[in-house]
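Structural overview
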Amino acid sequence: MRPVPTRRRGISAAALPPLPITREVQVEASGAARPGSTGEHLLQCAFGSQQRADRFYAEQLRDRLLPRMIEFITRMDMLFVATSDTHGECDASLRAGPPGFIRVLDDRTLAYPEYRGNGVHASLGNISGNAHVGLLMVDFVSDQIGLHVNGTARIVEDATFRIEYPDVHGDQAPGRRAERWVVVGVEEAYIHCRKHIPRMERVSQRREWGTDDPARKGGDYFRAKGTPPVVPGSERRAYTPRRRRFPSTTHLSGGSARALRPRLAGPVRRILPS
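Residues numbered from 1 in each chain as written. Predicted model: local features only at pLDDT ≥ 70, side-chain atom pairs only at ≥ 80, totals over all residues. Heavy atoms only, no water.

**Notes on the overall build of the protein chain**
- Across its full length, the protein chain carries eight helices and seven strands.
- Across the 274 residues that make up the protein chain, the buried fraction comes to 36%.
- Look at the contacts in the protein chain between residues 6 or more apart in sequence, and 69% of them connect residues 24 or more apart. (Helix = DSSP H or I, 4+ residues; strand = E, 2+ residues; numbered from the N terminus. Buried < 20%, exposed > 50% of the residue type's maximum accessible area, 1.4 Å probe, protein only. Contact = heavy atoms within 4.5 Å.)

Okay, here's the thing in structure tokens:
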């Protein structure tokens, strides 16, 4: 079995609360390679949860899709997608379709279709600049359990996808023809425990797939139309949110990313200002 993947992402001083992270904690967190991020390791040491975390990594975190995970994915009709752009600004979105719309291509690859939407392409735009994605599938009805899949994604036009994967037959129902596909190489797969997942009941409801009717799509449900995009007098300009002035390391190669990471051996105050 291949070792579980190891993520080594940077950590920002401003992003952490004033926790009791001592020099000893820093040394412990920066020890042998472990799955997860540097920030995870620091907080595990600070909160005394490292043994529990290591048990979870060893027992539940895998670098591929196990048979029962594959079966779970093939019956899902919802998918939550988390992406971030090259600045590290995040976006979360929902994808849905009939059970099986998420296709498992092999134990290290899955794909989901991109249907016609509002034309913004927020998730695809992020993926085009930062291939890292986080996927979450939740069974709210039967087993009340979730599955996380993290990996790297690429965008493939539908015609090209069908050439690459001729055995995959897309859903051709009206309004549900894929324009393109997001193909995800699996790097991490692990359980989302059930204790905080609410139980829901499935109901029959006709959906207007592919409609452009504003009312059927939800229209101006949140009454946003006609309100100013930005509060008058705000220093932020419309549609140009401020960006952090440090680069994201999630889309860089290993050598480039290492150069941007803080050195754990330095003074504590350089990591967590008092």
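**Some details on the nonpolar core**
- Residues Leu135 and Met137 are the most contacted members of the largest nonpolar core, which totals 25 residues.
- Going through the elements one at a time, α4 (67-74), β1 (78-84), β4 (109-114), α5 (122-129), β5 (132-139), β6 (145-157) and β7 (180-192) are the ones with two or more residues in this core.
- The residues touching Leu135, leaving out its near neighbours within four places in the chain, are Leu79, Phe80, Val81, Leu110, Tyr112, Leu147, His148, Val149, Asn150 and Val184.
- Residues Val156, Phe161, Val168 and Val183 belong to the second largest nonpolar core, which totals seven residues. (Core = buried A, V, L, I, M, F, W, Y, C linked by side-chain atoms within 4.5 Å.)

**A closer look at the side chain of Glu114**
- Following the sequence through the fold, Glu114 ends up in strand β4.
- For Glu114, the side chain forms a polar contact with the side chain of Arg95, separated by 2.9 Å.
- Excluding residues that lie within four positions of it along the chain, Glu114 makes contacts with Arg95, Leu124, Ala178, Glu179, Arg180 and Val182. (Polar contact = N/O pair within 3.5 Å; in protein donor to acceptor, adjacent residues only side chain to side chain.)

**A look at the packing of aromatic side chains**
- All told, the structure shown has three aromatic pairs when counted by the stated rule.
- With a centroid separation of 6.0 Å and 80 degrees between ring planes, the pair formed by Phe56 and Tyr190 is classed as edge-to-face. Here the residue Phe56 occupies a position in helix α3 (residues 50-60), and Tyr190 occupies one in strand β7, the gap between them amounting to 134 residues.
- Look at Tyr190 and you get buried, because its relative accessible area is 19%. (Phe/Tyr/Trp six-rings, centres within 6.5 Å; stacked < 30°, edge-to-face > 60°.)

**What to know about the pattern of salt bridges**
- For the structure on display, the rule yields 13 salt bridges.
- In this structure, the salt-bridge partner of Asp143 is Arg75, at a minimum N-O distance of 3.0 Å. Pair noted here: Asp143 is in the loop between β5 and β6 and Arg75 is in the loop between α4 and β1, with a separation of 68 residues, a long-range link.
- Ionic pairing is found between Arg177 and Asp158, a salt bridge with its closest N-O pair at 3.8 Å. Separated by 19 residues along the polypeptide, Arg177 in the loop between α6 (158-164) and β7 and Asp158 in helix α6 bring together distant segments of the chain.
- A cluster of three or more residues bridged by salt bridges with shared partners is formed by Glu71, Arg75, Asp139 and Asp143. (Salt bridge = Lys/Arg side-chain N within 4 Å of Asp/Glu carboxyl O.)

**Let's talk about helix α2 (residues 38-47)**
- Along α2, seven of the 10 residues are buried, which leaves the element largely enclosed by surrounding structure.
- The first or second residue beyond α2 is Gly48, which carries a positive phi of 70 degrees.

**Considerations on the pairing of β6**
- With eight bridges joining them, β5 and β6 adopt antiparallel strand pairing. Bridge pairing in β6 links Met137 to Leu147.
- Across 12 bridges, β6 lies against β7 in antiparallel orientation. Paired with Gly151 across the strands is Val186, a residue of β7. (Pairing = 2+ DSSP bridges.)

**Looking at the sheet that holds strand β2 (residues 90-96)**
- Read across the open sheet, the seven strands follow the order β2-β1-β5-β6-β7-β4-β3; overall the sheet is antiparallel. Two strands lie at the open edges of the sheet, namely β2 and β3 (103-106), each paired on one side alone. For this sheet, the mean inter-axis angle between neighbouring strands, taken without regard to orientation, is 35 degrees.
- Bridging between β3 and β4 involves three bridges; their strand directions are antiparallel. Its bridge partner lying in β4, Asp106 is registered against Thr109.
- Against the sheet, α4 engages β3, β4, β5, β6 and β7, with an angle of about 75 degrees to β6. (Axes fitted to C-alpha atoms, helices over the stretch in contact; angles between N-to-C directions.)

**So, the packing of α2 against α3**
- Closest axis-to-axis distance for the α2/α3 pair is 8 Å, and the angle between their directions is 135 degrees. Between α2 and α3, the interaxial angle falls into the category oblique. Between α2 and α3, the contacting residues are Glu40, His41, Gln44 and Cys45 on the first element and Gln50, Ala53 and Tyr57 on the second.
- Counted by class, the contact of α2 with α3 contains three nonpolar, three polar and one charged residues. (Parallel < 35°, antiparallel > 145°, perpendicular 65-115°, else oblique. Nonpolar A, V, L, I, M, F, W, Y, C, P; charged D, E, K, R; others polar.)

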